[in-house]
Structures are given as C-alpha cells and as structure tokens.
Amino acid sequence: MNDQSKNNQPVEQQADGGQEFAVQADIEKRREYLKNESKRLIDMASNEPNSALRCIHQLSVAGGATEATYVAIEQRVVSDQDAAGAYHLALLAQNTPDLPIDARQLIELVVNKGSNDQRLALLKNLPLPPVDMIKEKVLASEDGEAIGQMNAYLQINPEGYGSHHMLGSGQKDRIVPLSPGNSQN
C-alpha cells in the first residue's frame with residue numbers, strides 16, 4: 001500500500017501542474033480577448049458618432065475592458081452630448097468606483113439634456129442622486145405625469161436615496177459630488 005501511494009503522488013502533482021497550466025492559459029486567452037475587444041471599442045468610439053450605447057452594450061457583453069476604453073466611450077458621450085449614453089455610463093461608474101470616468105459630468109449631462117424619464121431613472125438608480133437638480137428640471141418641464149411620479153417617489157423616499165439604499169443591500173452610500181459651482185444645498 002505504501003508503494004502504491006508513492007507511485008500516485010507524482011501523477012497527482014502532474015495533474016495539479018497541468019491544471020494550473022490550463023488555468024493560466026485560460027487567463028491569458030481571456031486577457032488577449034479583452035485587449036482585442038478594447039481596441040475595437042476604442043476605434044468605434046473614436047470614429048463613429050452616436051456609438052456610445054453600442055459600445056457600452058458590447059463592453060458589457062465582453063465582460064470588461066481597459067481603462068482607455070472607458071475613457072474613449074466617455075469622450076464619445078460628451079462630444080455627442082448623448083444623454084442616454086451618459087445615463088448608462090454614469091450607472092456603470094457608480095457601481096464600479098475605480099473606473100476612470102467623471103460621473104459628475106455624465107450625471108449633469110443627463111439632468112440638463114436628458115428626458116424626464118432619464119432624470120427619474122437617475123433619481124431612482126443612483127445611490128445618492130442630485131435630488132435638487134433633478135427636481136428643478138422636472139418641475140420646469142411642466143410635465144404633469146413626470147412631476148407626479150417624482151413626487152410619489154420622493155414622498156416614500158424624501159432624502160432621495162437611490163433604490164440601492166431602499167433595498168437595504170448593506171452597501172455604503174457614495175455621494176456623487178456635482179461639478180464645482182453647480183452644487184445646490
């Protein structure tokens with residue numbers, strides 16, 4: 001029995017080494033895939049107007065990208081003044097705080113240029129939305145339905161904490177600061 005266990009040991013070590021090699025090969029393959037997808041998305045964002053939503057979707061399908069990819073998509077959103085792209089990218093930035101994205105700029109773009117539906121979605125989906133800015137724009141629109149939806153939401157959530165807070169996820173709230181000079185208290 002003792003001889004048999006000695007004979008099995010090198011086989012087990014070889015299996016572990018082979019498995020480790022396979023895992024490492026999978027990681028390298030995934031890294032190369034993400035690098036190629038990032039290059040493709042940067043090219044699309046840099047050269048195709050109004051491509052931000054497509055880029056964001058493909059970024060999600062790929063499962064990630066390089067920092068330069070996020071920056072290129074943000075630049076596309078800003079240059080197109082794309083409120084829909086800004087909304088989705090701002091949510092990504094809020095859920096992944098280490099992204100190289102200026103979420104404040106994106107949120108302001110949605111509030112100032114977006115639709116009431118987008119403003120209300122920000123109100124409900126950001127951990128700490130700029131409630132006063134959103135409220136001001138929705139009220140100024142004189143859209144009775146949007147005002148009613150906003151008031152109903154703020155009645156049950158007067159502080160304006162986003163849905164994450166209401167769900168009690170235990171996650172700490174993150175304050176989304178507004179650009180200098182635009183903060184309203």
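This structure is a prediction, so every number in the text was calculated from the model and none was measured.

Scoring rules and cut-offs
- Residues numbered from 1 in each chain as written.
- Predicted model: local features only at pLDDT ≥ 70, side-chain atom pairs only at ≥ 80, totals over all residues.
- Heavy atoms only, no water.
- Helix = DSSP H or I, 4+ residues; strand = E, 2+ residues; numbered from the N terminus.
- Buried < 20%, exposed > 50% of the residue type's maximum accessible area, 1.4 Å probe, protein only.
- Contact = heavy atoms within 4.5 Å.
- Areas by Shrake-Rupley, 256 points an atom, 1.4 Å probe, with all protein chains shown as cover.
- Axes fitted to C-alpha atoms, helices over the stretch in contact; angles between N-to-C directions.
- Parallel < 35°, antiparallel > 145°, perpendicular 65-115°, else oblique.
- Left-handed = near helix turned anticlockwise from the far one by under 90°.
- Nonpolar A, V, L, I, M, F, W, Y, C, P; charged D, E, K, R; others polar.
- pLDDT = per-residue confidence, 0-100.
- Salt bridge = Lys/Arg side-chain N within 4 Å of Asp/Glu carboxyl O.
- Core = buried A, V, L, I, M, F, W, Y, C linked by side-chain atoms within 4.5 Å.

**Digging into the overall build of the protein chain**
Reasoning step 1: Looking only at helices and strands, the protein chain features nine helices and zero strands.
Reasoning step 2: In the protein chain, which comprises 185 residues, the proportion classed as buried is 36%.
Reasoning step 3: The long-range fraction of contacts in the protein chain, counting pairs at least 24 apart against all pairs at least 6 apart in sequence, stands at 61%.
Reasoning step 4: As displayed, the protein chain offers around 11100 Å² of accessible surface, 50% of which is attributable to carbon and sulfur atoms.

**Here's the deal with the packing of helix α2 (residues 52-62) against helix α3 (residues 67-80)**
Reasoning step 1: Contact pair α2 / α3: the axes reach a minimum separation of 9 Å and the direction vectors enclose 155°. Between α2 and α3, the angle is such that the two are roughly antiparallel. As for the relative orientation of α2 and α3, their crossing is left-handed in sense. Within the contact between the two elements, α2 uses Ala52, Cys55, Ile56 and Leu59 and α3 uses Thr69, Tyr70, Ile73, Arg76 and Val77.
Reasoning step 2: Of the residues belonging to the contact of α2 with α3, the class tally is seven nonpolar, one polar and one charged.

**Description of the confidence of the model for the protein chain**
Reasoning step 1: The predicted model of the protein chain has a mean per-residue pLDDT of 83, with 78% of residues at 70 or higher.
Reasoning step 2: The element-level mean pLDDT for the protein chain is lowest in helix α9 (residues 163-166), coming to 52, with α3 highest at 96.
Reasoning step 3: Overall, residues 166-185 carries pLDDT values under 50, and its contacts beyond four positions in sequence, including any with other chains, amount to 34 contacts.

**A look at the pattern of salt bridges**
Reasoning step 1: Taken as a whole and judged by the stated rule, the model has six salt bridges.
Reasoning step 2: Measuring nitrogen to oxygen at the nearest pair gives 2.7 Å for the salt bridge that ties glutamate 37 to arginine 40. In this pair, glutamate 37 and arginine 40 both sit in helix α1 (residues 2-47), three residues apart, roughly one turn of the helix.
Reasoning step 3: With a relative accessible area of 15%, glutamate 37 lands in the buried category.
Reasoning step 4: Given the relative accessible area of 35%, arginine 40 is considered partly exposed.
Reasoning step 5: A salt bridge links arginine 54 to glutamate 48, with the nearest nitrogen and oxygen atoms 2.7 Å apart.

**Section: the environment of asparagine 157**
Reasoning step 1: Turning to its location among the elements, asparagine 157 is positioned in the loop between α8 (144-156) and α9.
Reasoning step 2: Take asparagine 157: its relative accessible area is 4%, and that puts it in the buried class.
Reasoning step 3: Sequence separation of asparagine 157 and lysine 124 is 33 residues, and the distance between their C-alpha atoms is 9.6 Å.

**Structural notes on the nonpolar core**
Reasoning step 1: Ranked by size, the top nonpolar core spans 40 residues in total, and within it Ile73, Leu122 and Leu123 carry the most contacts.
Reasoning step 2: For this core, the elements supplying multiple residues, two or more each, are α1, α2, α3, α4 (83-95), α5 (103-113), α6 (116-125), α7 (131-141) and α8.
Reasoning step 3: A total of seven residues in this core trace back to one element, the largest contributor, which is α4.
Reasoning step 4: Leucine 122 has contacts with Tyr87, Ile107, Val110, Val111, Pro129 and Ile134, leaving out every residue within four places of it along the chain.

**Re the packing of α5 against α7**
Reasoning step 1: For the pair α5 and α7, interaxial distance at closest approach is 9 Å and the crossing angle is 20°. In terms of orientation, α5 and α7 fall into the roughly parallel class. Every pair of crossing elements has a handedness; the one defined by α5 and α7 is left-handed. Of the residues in α7, those in contact with Glu108, Val111 and Asn112 of α5 are Met133, Ile134 and Lys137.

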